[in-house]
Amino acid sequence: MSQLTIFDDLRPGAPVVSTHDAEAMARELAAIGVRFERWESPVALRPDDAPETILAAYKPYLDELMGATGACSADVIKLTPDHPSAAALREKFLAEHIHTEDEIRFFVHGGGHFVMHVNGRVYDAYCAAGDLISVPANTKHWFDAGAAPDFIALRVFTDSAGWVAHFTGDTISARFPVA
Ligand SMILES: [Fe+2]
């Protein structure tokens, strides 16, 4: 189940807000420019469906999303606990970074933590199946799905280079373990 936990960035372990309520999550995240929506989707997929099948099933939603954001491409990212690069991919996403485009994800299966670091606060948004999140360009953040990642997410890109991160060098994510 999706959840938002907010901390003062100097006080790990002492949340100031914690909620599972989608409307409350959307409201808190909108205050820092992050779009969060829980979609009631009629699409039924199996975790072993091919990426092409998943993209096709969500095409109407993606077209709408890409039209609204001016995005130019979409793909499917799938991580399973036995993925040979699970540990390396976890490290890659775990260091605080920004992008020069919005980071848009829709979770089809499983979930993971998007953690934003804004105005002295840490916003840990656990996104689950059915959740859309869009992190604005230049917002400091990281992502963690734990040591045994299990999720499938759609990714929407405006940059033709795909996922490009600019790391801040801040080790804050080590002080806010989410899994
Ligand atoms: Fe990112």
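These numbers were taken from a predicted model, which means no experiment stands behind them.

(A) Expanded view of the overall build of the chain. Along the chain, the regular secondary structure elements total four helices and eleven strands. Since a compact globule built from 179 residues should have a radius of gyration of about 16 Å, the 15 Å found for the chain is in line with a globular shape. Taken over the C-alpha atoms alone, the chain extends approximately 45 × 35 × 30 Å along its principal axes. Expressed as a percentage of the 179 residues in the chain, the buried residues total 45%. Residue pairs in contact within the chain that sit at least 24 positions apart in sequence constitute 71% of those at least 6 positions apart. When the accessible surface of the chain is summed, it comes to about 8,700 Å², and 52% of that surface belongs to carbon and sulfur atoms.

(B) Spotlight on the coordination of the iron ion. For the iron ion, the full set of protein donor atoms is H97 (NE2), H99 (NE2), E103 (OE) and H141 (NE2), and the range of their distances to it is 2.0 to 2.2 Å. Note that the iron ion binds four donor atoms; their angles at the metal cover 71 to 164°, and the shape is irregular. All donors of the iron ion come from a single chain, and their spacing in sequence reads H-x1-H-x3-E-x37-H. Within this pair, whereas H99 is found in the loop between strand 5 (97–98) and strand 6 (103–118), its partner H141 is found in strand 9 (residues 141–144), the two being separated by 42 residues in sequence.

(C) How the structure looks around the side chain of S2. When you line up the elements, S2 lands in the segment before strand 1 (3–8). Assessed through its relative accessible area of 3%, S2 is described here as buried. Only 3.0 Å separates the side chain of S2 from the side chain of D131, close enough to count as a polar contact.

(D) Molecular detail of the pairing of strand 10 (residues 151–157). Of all seven residues that make up strand 10, seven are buried, and the element is covered over most of its length. Alternating residues of strand 10 divide into F151, A153, R155 and F157 and I152, L154 and V156, and every residue in both groups is buried. By the bridge criterion, seven bridges tie strand 4 (residues 73–79) to strand 10 in an arrangement that is antiparallel. Residue pairing across strands places D75 opposite R155, the latter belonging to strand 10.

(E) Main features of the nonpolar core. Counting residues in each nonpolar core, the largest one holds 27 residues, and the members touching the most others are L29, M116, Y123 and I133. With four residues, strand 6 is the largest single contributor of residues to this core. Setting aside residues no more than four positions away along its own chain, M116 makes contact with L29, I32, V34, R121, V122, Y123, A125, I133, V135, T139, K140 and H141. Within the second largest apolar cluster, 15 residues are counted, among which are L62, V76, L132 and I152.

Conventions we followed
- Residues numbered from 1 in each chain as written.
- Predicted model: local features only at pLDDT ≥ 70, side-chain atom pairs only at ≥ 80, totals over all residues.
- Heavy atoms only, no water.
- Helix = DSSP H or I, 4+ residues; strand = E, 2+ residues; numbered from the N terminus.
- Rg over C-alpha atoms; globule rule 2.2 N^0.38 Å.
- Buried < 20%, exposed > 50% of the residue type's maximum accessible area, 1.4 Å probe, protein only.
- Contact = heavy atoms within 4.5 Å.
- Areas by Shrake-Rupley, 256 points an atom, 1.4 Å probe, with all protein chains shown as cover.
- Donors = N, O, S within 2.8 Å, 3.2 Å for Na, K, Ca; no water.
- Tetrahedral: all angles 85-135°; square planar, octahedral: opposite > 155°, others 65-115°.
- Polar contact = N/O pair within 3.5 Å; in protein donor to acceptor, adjacent residues only side chain to side chain.
- Pairing = 2+ DSSP bridges.
- Core = buried A, V, L, I, M, F, W, Y, C linked by side-chain atoms within 4.5 Å.

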